[in-house]
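# Commentary on secondary and tertiary structure
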Amino acid sequence: MKEKFLGTMYSIKETFYSLQGEGAHTGRPAIFLRFAGCNLWSGREQDRESAICRFCDTDFVGVDGQNGGKFSTATELAEHVNNLWPIDTCFKYVICTGGEPGLQLDEELIEKLKQKGFEVAIETNGTVQLPSNIDWICLSPKGSSEVLLSKVNELKLVFPQDDAPPERFKDIQADVRYLSPKNPFDGSISINQSEATQAAITYCLKNPQWRLCLQTHKILNID
Ligand code: SF4
């Protein structure tokens, strides 16, 4: 059993229902289960410059977000996720994200979610070993961190990163490979004007095993 973050069983920043905005499942309705905490940055601005991952734009600190909280059992958390699914039918999909969800996610929680009918996906930085019963692994390596995963469904690399060029990950088995342009995307520049997007397009055209990944949820301005 993995050591749990903050001494409780599961610490959840927020939980919400939306559309997957990027990658192979773009457009698919999903519950986003955001775990608190990450091993590559504390989440505090004063630590950003010294962090391994320095371009994070996600608030994963604490349990105070929408439908966040501490959950003492896998059953309780699976019930919480299930209550946010709008209709009690099929196509249930939950994306475990963070922070780094691999710090807390365990086989028991995945099993409880599956018992509720969910397909279980994870978005991970790949620096921790994962439970074996996850249905869909999306790996997004960050900076110089050592990647422990060798086989994933989807490899999604923020591009460009000086210490994480695409060539570094050529030996990782992945069904599909995406470059996700590293954009500030604060509204001051449109996505097709950014240098990162143009660089990603150029790279994909020269290396067609890679595909361009756009963050459609940001383009559409949805959660
Ligand atoms: S690994 Fe992911 S969650 Fe952690 S700091 Fe980097 S972008 Fe943020």
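Refer to the structure presented above.
Let me begin by describing the structure that accompanies this report.

Here is what the cut-offs are and how they apply
- Counting from 1, residues in each chain are numbered in the order their sequence is written.
- Given that the model is predicted, a residue must reach a pLDDT of at least 70 before its local features are reported, and side-chain atom pairs must reach 80 or more before they are shown or counted; all residues, however, enter totals for whole chains, interfaces and linings.
- Every helix listed is a DSSP run of H or I at least four residues long, and every strand listed is a run of E at least two residues long, numbered separately from the N terminus.
- Labels follow a simple rule on C-beta atoms placed from the backbone: if 20 or more others lie within 10 Å of a residue's own, it is buried; if 12 or fewer, it is exposed; otherwise it is partly exposed.
- For every residue pair, C-beta atoms are placed from the backbone, and the pair is scored as a contact if these atoms sit within 7 Å.
- Place the viewer so that the strands point away; then a crossover is right-handed whenever the path from the first strand over the helix to the second strand goes clockwise.
- One requirement defines pairing of two strands: DSSP has to find at least two bridges between them.
- Here the arc refers to the directions that run from the helix axis out to each C-beta atom.
- The criterion for a residue being near a molecule or strand is a backbone-placed C-beta atom within 6 Å of that molecule or strand.
- Residue polarity follows a fixed list, in which Ala, Val, Leu, Ile, Met, Phe, Trp, Tyr, Cys and Pro are nonpolar, Asp, Glu, Lys and Arg are charged, and the others, Gly among them, are polar.
- Axis definition: a line fitted to C-alpha atoms, over the contacting stretch in the case of helices. Angles run 0 to 180 degrees between N-to-C directions.
- In this scheme, roughly parallel covers angles under 35 degrees and roughly antiparallel covers those over 145, while 65 to 115 is roughly perpendicular and the rest are oblique.
- For a crossing to be left-handed, the near helix must be turned anticlockwise from the far one by less than a right angle; the clockwise case is right-handed.

Below, the discussion takes up the overall build of the protein chain. For the protein chain, the count of helices and strands is 4 helices and 9 strands. Considered along the principal axes of its C-alpha atoms, the protein chain spans approximately 45 × 40 × 35 Å. Counting over 223 residues, the protein chain shows a buried share of 36%. Across the protein chain, contacts joining residues at least 24 apart in sequence account for 55% of those joining residues at least 6 apart.

On to the pairing of strand S5 (residues 119-124). Most of S5 sits inside the fold, with 5 of its 6 residues counted as buried. At this point the chain moves from strand S4 (residues 93-97), through helix H2 (residues 107-115), to the parallel S5, and the crossover so formed is right-handed. Here 4 bridges tie S5 to strand S6 (residues 136-139), and the two strands are oriented parallel to one another. In the strand pairing of S6, isoleucine 122 is matched with isoleucine 137.

With respect to the helices and strands, the residue tryptophan 41 is situated in the loop between strand S2 (29-35) and strand S3 (69-71). As a C-alpha pair, tryptophan 41 and leucine 212 span 171 residues in sequence and 26 Å in three-dimensional space. In contact with tryptophan 41, not counting residues within four places along its chain, are Asp47, Arg48, Ala51, Cys53 and Cys56.

A separate point is helix H1 (residues 74-84). Among all positions of H1, only Ala74, Leu77, Ala78 and Val81 are buried. Buried residues of H1, viewed axially, fall in a sector of 100°; they line one side. Looking at the buried side of H1, the elements it contacts are strand S1 (10-19), S2, S3, S4 and H2.

Our focus in this paragraph is the site of the ligand. Every residue near the ligand is listed here: Cys38, Leu40, Trp41, Cys53, Cys56, Thr58, Phe60, Gly98, Gly99, Glu100, Asn125 and Lys142. Per-class residue counts for the shell around the ligand are 6 nonpolar, 4 polar and 2 charged.

The subject of this paragraph is unusual backbone geometry. Here the bond from glycine 98 into glycine 99 is cis, since omega is 15°, no more than 30 degrees from zero. That bond from phenylalanine 159 to proline 160 is cis: its omega, -5°, falls within 30 degrees of zero. Positioned with a positive phi, asparagine 67 is a non-glycine residue whose angle comes to about 55°. Topologically, asparagine 67 is positioned in the loop between S2 and S3. Taking the C-beta count within 10 Å as the criterion, asparagine 67 has 18 such neighbours and is therefore assigned partly exposed.

Right, let's talk about the pairing of strand S7 (residues 151-159) for a bit. Among the 9 residues in S7, 7 count as buried, and that is most of the element. Bridging between S6 and S7 involves 2 bridges; their strand directions are parallel. Bridged to leucine 139 within S7 is leucine 155. One ladder, built from 8 bridges, connects S7 with strand S8 (residues 173-181); its direction is parallel. When the sheet's bridge partners are listed, glutamate 154 is paired in S8 with valine 176.

Turning our attention to the environment of tyrosine 178. Along the polypeptide, tyrosine 178 turns up in strand S8. For tyrosine 178, the contacting residues outside a window of four places in its chain are Gly23, Glu154, Leu155, Lys156, Leu157, Arg211 and Cys213.

A word on the packing of H1 against H2. Running from N to C, H1 and H2 cross one another at 40°; their axes reach a closest spacing of 9 Å. On the basis of the axis angle, H1 is oblique to H2. The way H1 lies across H2 gives a crossing that is right-handed. For the pair formed by H1 and H2, the contact residues are Ala74, Thr75, Leu77, Ala78 and Val81 on the first element and Glu108, Leu109, Lys112 and Leu113 on the second. Taken together, the residues of the contact of H1 with H2 sort by class into 6 nonpolar, 1 polar and 2 charged.

Treat this as a map of the structure, not an account of what it does.
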